[in-house]
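# Commentary on secondary and tertiary structure
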Amino acid sequence: MLPLTLITESRIRCRVEVTSKKRLLESLAELLAPAAPHCSPSAVFDLLNERERLGSTGLGEGVALPHARMAGIDDAVGAFVQLEQGVSFDAPDDRPVDLAFGLLVPEAATEAHLNLLAGLAGRFNDPRLRAALREATDASTVLALLWR
């Protein structure tokens, strides 16, 4: 089960039009930054991009889970973007990504945070959830699907 404080409707966007992996990461950074005290979208983007350089966070099946460790936060913070059109993301199956869940975890990430990443990856492995998220048209529907 995901922590109820992980994501809110204000950090969910549907039918976003971006043209690249970079723009997708920037969109997630804009959503995540307000939840992290004294943090700018560009700083969050830099962290997400730095993690991407280590290896793609694309999970396959059109889903990505960009994440990074961040100093100054006590709890994990999530954001979700559903794209109008998929973008190349260097996923293992080479499919374009159209669903992305961005995640910031405290710098001293614990086993709980690793379990959170694994739990999210497992949830997005469900083809019914992916299909429902692709059909959603508003943040409240996405939030309800993620908590299901």
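Because the structure is a prediction, the values reported are computed rather than measured. (Residues numbered from 1 in each chain as written. Predicted model: local features only at pLDDT ≥ 70, side-chain atom pairs only at ≥ 80, totals over all residues. Heavy atoms only, no water.)

Right, let's get into the overall build of the protein. Scanning the protein for helices and strands turns up 5 helices and 6 strands. Listed N to C, the secondary structure of the protein is β-α-α-β-β-β-β-β-α-α-α in terms of helices and strands. On C-alpha atoms alone, the protein measures out to a radius of gyration of 14 Å, which is about the 15 Å that the 2.2 N^0.38 rule sets for 148 residues. Dimensions of the protein, computed from C-alpha atoms along their principal axes, come out at roughly 35 × 30 × 25 Å. The proportion of buried residues among the 148 residues of the protein is 48%. Considering only contacts in the protein between residues 6 or more positions apart, those separated by 24 or more positions represent 70%. For the protein, the computed accessible surface area is about 7500 Å², with 50% contributed by carbon and sulfur atoms. (Helix = DSSP H or I, 4+ residues; strand = E, 2+ residues; numbered from the N terminus. Rg over C-alpha atoms; globule rule 2.2 N^0.38 Å. Buried < 20%, exposed > 50% of the residue type's maximum accessible area, 1.4 Å probe, protein only. Contact = heavy atoms within 4.5 Å. Areas by Shrake-Rupley, 256 points an atom, 1.4 Å probe, with all protein chains shown as cover.)

Turning to its location among the elements, histidine 67 is positioned in strand β4 (residues 67-70). Within the structure, the side chain of histidine 67 is placed 2.8 Å from the backbone oxygen of leucine 65, a separation counted as a polar contact. When neighbours within four sequence positions are excluded, histidine 67 is seen to be in contact with Leu48, Arg51, Thr57, Leu103 and Leu117. (Polar contact = N/O pair within 3.5 Å; in protein donor to acceptor, adjacent residues only side chain to side chain.)

Two elements in contact, helix α1 (residues 21-32) and helix α2 (residues 41-54), have axes whose closest approach is 8 Å; the angle formed by their N-to-C orientations is 130 degrees. Relative to α2, the element α1 is oriented oblique. Along this stretch, α1 crosses α2, giving a crossing that reads as right-handed. Contact with α1, carried on its side by Lys21, Lys22, Leu25, Glu26, Leu28, Ala29, Glu30 and Leu32, involves Pro41, Val44, Phe45, Leu48, Asn49 and Glu52 of α2 and no other residues of that element. Per-class residue counts for the contact of α1 with α2 are 8 nonpolar, 1 polar and 5 charged. (Axes fitted to C-alpha atoms, helices over the stretch in contact; angles between N-to-C directions. Parallel < 35°, antiparallel > 145°, perpendicular 65-115°, else oblique. Left-handed = near helix turned anticlockwise from the far one by under 90°. Nonpolar A, V, L, I, M, F, W, Y, C, P; charged D, E, K, R; others polar.)

Before going further, it helps to examine helix α5 (residues 139-147). Where α5 is concerned, the buried positions are Ala139, Val142, Leu143, Leu145, Leu146 and Trp147. Structurally, α5 contributes buried residues whose contacts are with β1 (12-16), β5 (77-87), β6 (97-106), α3 (111-123) and α4 (127-135).

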